[in-house]
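Structure at a glance
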Amino acid sequence: MTSDQEFIPTVAACRLYGAVDLPAAEANNLLKGLLSRISVRCGRIGVIGHNKANFRCGDDLLSISCTTEDGNVRSKTEFTDRVCDVEGVMDVIVYSADFHDLKHIIEDETSETGLRAEVKEPEGCHDPDCHDPDCHDPRHRLVRFD
């Protein structure tokens, strides 16, 4: 490990989706609780950078984020109508953490909600001028959803 290893963020991006049938307030609480639990667990293994999620149900949007280890989730927008089918994306950015630990936390916590989580594996360095086989520069990475 290099002396600046702790300053390299680990990013886990995922797609979340599933069918729920809840009033808007309950769906908001369910998904805020999910991000909160993920953030608390991530805070135990590293330093939270910024965890963010956006969920859609039709034209309705829930946009939430958390930057603290206590799981304090803030909302930018919330669902206002009954929620049936949800599709969303989440980025979990944690310093001094292992990707596979983040993936496990996301999948474990999401399983309790009835939603599915597809956590995307980093594809490695995409900078054609970078020849570091173990590149950790986040500016060189792309995450693709197939």
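Structure shown above.
Figured I'd write up the structure that's included with this text. Sequence order sets the numbering: in each chain, residues are counted from 1 along the sequence as written. Note on the predicted model: pLDDT of at least 70 is required for a residue's local features to be given, and 80 or more for side-chain atom pairs to be given and counted; whole-chain, interface and lining totals, by contrast, use all residues. As a rule here, side-chain values cover all heavy atoms of the structure and leave hydrogens and water aside.

1. Here's the deal with the nonpolar core
Throughout this description, the term nonpolar core refers to a set of buried Ala, Val, Leu, Ile, Met, Phe, Trp, Tyr and Cys residues connected via side-chain atoms within 4.5 Å. Buried, partly exposed and exposed residues are distinguished by accessible area as a fraction of the type maximum, computed with a 1.4 Å probe on protein chains only: under 20%, between the cut-offs, and over 50%, respectively. Of all hydrophobic cores here, the largest spans 33 residues; its most connected members are Ile38, Cys42, Phe55, Phe79, Met90 and Val92. Under the scheme used here, helices are H or I runs from DSSP no shorter than 4 residues and strands are E runs no shorter than 2 residues, and both carry numbers assigned from the N terminus. Of all the secondary-structure elements, those providing two or more residues to this core are strand 1 (9-22), helix 1 (24-45), strand 2 (47-57), strand 3 (60-66), strand 5 (83-95) and helix 2 (99-111). Top contributing element to this core by residue count: helix 1, with seven residues. Any two residues whose heavy atoms approach within 4.5 Å at even a single point are treated as in contact. Those residues in contact with Val92, other than ones at most four positions away along the chain, are Thr10, Val11, Ala12, Ile38, Cys42, His50, Asn51, Leu102 and Ile106.

2. Topic: the sheet that holds strand 5
Strand order in the open sheet formed by six strands is 4-3-2-5-1-6, with antiparallel pairing between adjacent strands. Two strands lie at the open edges of the sheet, namely strand 4 (74-77) and strand 6 (116-120), each paired on one side alone. Neighbour to neighbour, the strand axes of the sheet diverge by 20° on average, direction disregarded. In the sheet, strand 1 pairs with strand 6 via five bridges, with the strands oriented antiparallel. Paired with Arg15 across the two strands is Glu118, which belongs to strand 6. When DSSP finds two or more bridges between a pair of strands, those strands are recorded as paired. Whenever a helix is involved, its axis is fitted only over the stretch in contact; in every case the axis is a line through C-alpha atoms, and angles between N-to-C directions fall within 0 to 180 degrees.

3. Describing unusual backbone geometry
The residue Ser96 is not glycine, and still its phi comes out positive at about 65°. Its place among the elements puts Ser96 in the loop between strand 5 and helix 2.

4. Notes on the environment of Thr68
Residue placement: Thr68 occurs in the loop between strand 3 and strand 4. Distance from Thr68 to Ser36, taken between C-alpha atoms, is 9.3 Å for residues 32 residues apart in sequence. For Thr68, the contacting residues outside a window of four places in its chain are Ser39 and Ile48. Nitrogen and oxygen atoms within 3.5 Å of one another constitute a polar contact, given that in protein one can donate a hydrogen and the other can accept it, and given that sequence-neighbouring residues count only through two side-chain atoms. One polar contact links Thr68 to Asp70, side chain to side chain, over a distance of 2.4 Å.

Everything listed is a geometric property; what it means functionally is a separate question.
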